[in-house]
Amino acid sequence: MKIIADENMPYVDALFGDLGEIEYVNGRTLSPEQVNDADVLLVRSVTKVNAGLIAHAHKLKFVGSATIGTDHVDVDYLASRNIYFTNAPGCNATAVGEYAFIAMLELAQRFGESLAGKVVGIVGAGNTGTAAAKCLQAYGLNVLLCDPIKAQQGDKREFVSLDTIIEQADIISLHVPITKDGEHKTWYLFDEARLNQLKPNTWLLNCCRGEVIDNRALIRFKQQRDDVKLVLDVWEGEPKPMAELVALTEFATPHIAGYSLEGKARGTFILYQKWCELVGLAVDKSLTSLLPAFQFNQIVSQSDLTESQLLKLSRLVYDLRDDDVTFRGCCSTAAGFDLMRKNHTYRREYSAISLAPSVDYLSDDVINPSMLHALGFN
Ligand SMILES: NC(=O)C1=CN([C@@H]2O[C@H](COP(=O)(O)OP(=O)(O)OC[C@H]3O[C@@H](n4cnc5c(N)ncnc54)[C@H](O)[C@@H]3O)[C@@H](O)[C@H]2O)C=CC1
Ligand SMILES: O=C(O)C(=O)[C@H](O)COP(=O)(O)O
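The text that follows walks through the structure, step by step, so that each part is easy to find. (Residues numbered from 1 in each chain as written. Chains lettered and ligands numbered in written order. Predicted model: local features only at pLDDT ≥ 70, side-chain atom pairs only at ≥ 80, totals over all residues. Heavy atoms only, no water.)

### Re the sheet that holds strand β7 (residues 142–146)
So, step 1. The sheet built from six strands is open, its strands ordered β7-β6-β8-β9-β10-β11 with parallel pairing. Taken across any chain shown, the strands that pair with only one partner, and hence form the sheet edges, are β7 and β11 (251–252).
So, step 2. Bridging between strand β10 (residues 229–232) and β11 involves two bridges; their strand directions are parallel. Its bridge partner being in β11, leucine 232 is matched across the sheet by alanine 252.
So, step 3. The sheet contacts of helix α5 (residues 93–110) involve β6 (119–123), β8 (171–174), β9 (203–206), β10 and β11, and relative to β9 the element is tilted by about 150°. (Pairing = 2+ DSSP bridges. Helix = DSSP H or I, 4+ residues; strand = E, 2+ residues; numbered from the N terminus. Contact = heavy atoms within 4.5 Å. Axes fitted to C-alpha atoms, helices over the stretch in contact; angles between N-to-C directions.)

Set out below in structure tokens:
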């Protein structure tokens, strides 16, 4: 069996190695000739899987994308060819949630403000939005959720409108899929008009898809509204973001909000599980056995942790400042953008660190170990 896999997908050898012959490819430049004799195709978000790529791949029976988003895949075409398709829902949701939370801590520190006490609006309350909300609520923040689709589906959480988020939230974090049609389409959800409604000093974070914000309008807006602070992980026109926009952000990264080691491993593991399910094989490998121990695997937490100490602790798993600096040095070319993604040193999730048993669980200080557990520390 021939397995074609994106070279930037970790653990393919460990999980698929005994199932067939694996050929690693550059997902961005993958050509039809390279997939013609494939039985299994494992991709990431940079590969457009459509008739143009796989029309002549007559043996192809499985396409797996180790991503949450599916906007790069023509799922209708795959269905018409009877090719099984799966993505990896939720695989990197914790990574995105923690990225957003840590970015907010970084912004607070940079501007000498306190994150505690701010109201945060989450737009899109699915896996990544919920993961961000979990961190924020663990820290005691007031979180407003906007997700008209979930509300219609009967989700019991309390939802507000996007207008309410814009009116009331100090921070807005975007977590929607990119959709071009329908009542709730997200393409340019934040267009010029909506950007102009942002209240003074809003922090706007986008770690879903670049085109959820009209990037040209955002440049014009930000040039007039320096009070608004931006954290952007995703860009219109990736892998070539608009240089002017990068310069106007507080933190900028090349679509790596989901790049934790755990998130990447989960992505490949979900594809492995789905393949086993499809062909009736027993799942004989485990996710936890793939992950290495973390260098700071156990910490003793002081009960009087301040917000700046919480940020320092968070930087053990992810120091956003490093990625921001590296990105500004390499984002002017598409090759630089992709190379940074390829060489990204996977960060860890809070769960990689466990709290030593000596912590004082009875402390009633503002930030305490039970809050750290709720954030995701073990
Ligand atoms: N930057 C990165 O590295 C990553 C980016 N992503 C992107 O984030 C997106 C969201 O991921 P998940 O939360 O896991 O997806 P999800 O499907 O679990 O949740 C998305 C939520 O957005 C809601 N939604 C759709 N249209 C909306 C609208 N107009 N207003 C408010 N809510 C709306 C949906 O009802 C759904 O609950 C993915 O589709 C992907 O494009 C995902 C993972 C990593
Ligand atoms: O899961 C998604 O959706 C994403 O956006 C991915 O995290 C992006 O990573 P790559 O698939 O492009 O490596």
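### Details of a nonpolar patch on the surface
So, step 1. On the surface, a nonpolar cluster with roughly 230 Å² of combined accessible area is contributed by Leu278, Val279 and Leu281.
So, step 2. Tracing the backbone through its elements, the reader meets leucine 281 in the loop between α12 (261–279) and β12 (298–299).
So, step 3. For leucine 281, a relative accessible area of 41% puts it in the partly exposed group. (Patch = residues over 30% accessible without salt bridge, like charges linked within 9 Å, V, L, I, M, F, W, Y side chains within 5 Å. Areas by Shrake-Rupley, 256 points an atom, 1.4 Å probe, with all protein chains shown as cover. Salt bridge = Lys/Arg side-chain N within 4 Å of Asp/Glu carboxyl O. Buried < 20%, exposed > 50% of the residue type's maximum accessible area, 1.4 Å probe, protein only.)

### Describing the site of ligand 1
So, step 1. Taken together, 29 residues lie around ligand 1, and Asn127, Thr128, Asp147, His184 and Asp233 are the ones closest in.
So, step 2. A distance of 2.7 Å separates an oxygen atom of ligand 1 from a polar atom in the side chain of threonine 128.
So, step 3. Here an oxygen atom of ligand 1 and a side-chain polar atom of aspartate 147 are 2.6 Å apart.
So, step 4. The protein chains hide 89% of the 860 Å² of surface that ligand 1 would expose on its own.
So, step 5. Secondary structure elements with two or more residues in the shell around ligand 1: α6 (127–138) and α7 (148–152).
So, step 6. Considered class by class, the residues forming the shell around ligand 1 number 13 nonpolar, twelve polar and four charged. (Near = heavy atom within 4 Å. Polar contact = N/O pair within 3.5 Å; in protein donor to acceptor, adjacent residues only side chain to side chain. Nonpolar A, V, L, I, M, F, W, Y, C, P; charged D, E, K, R; others polar.)

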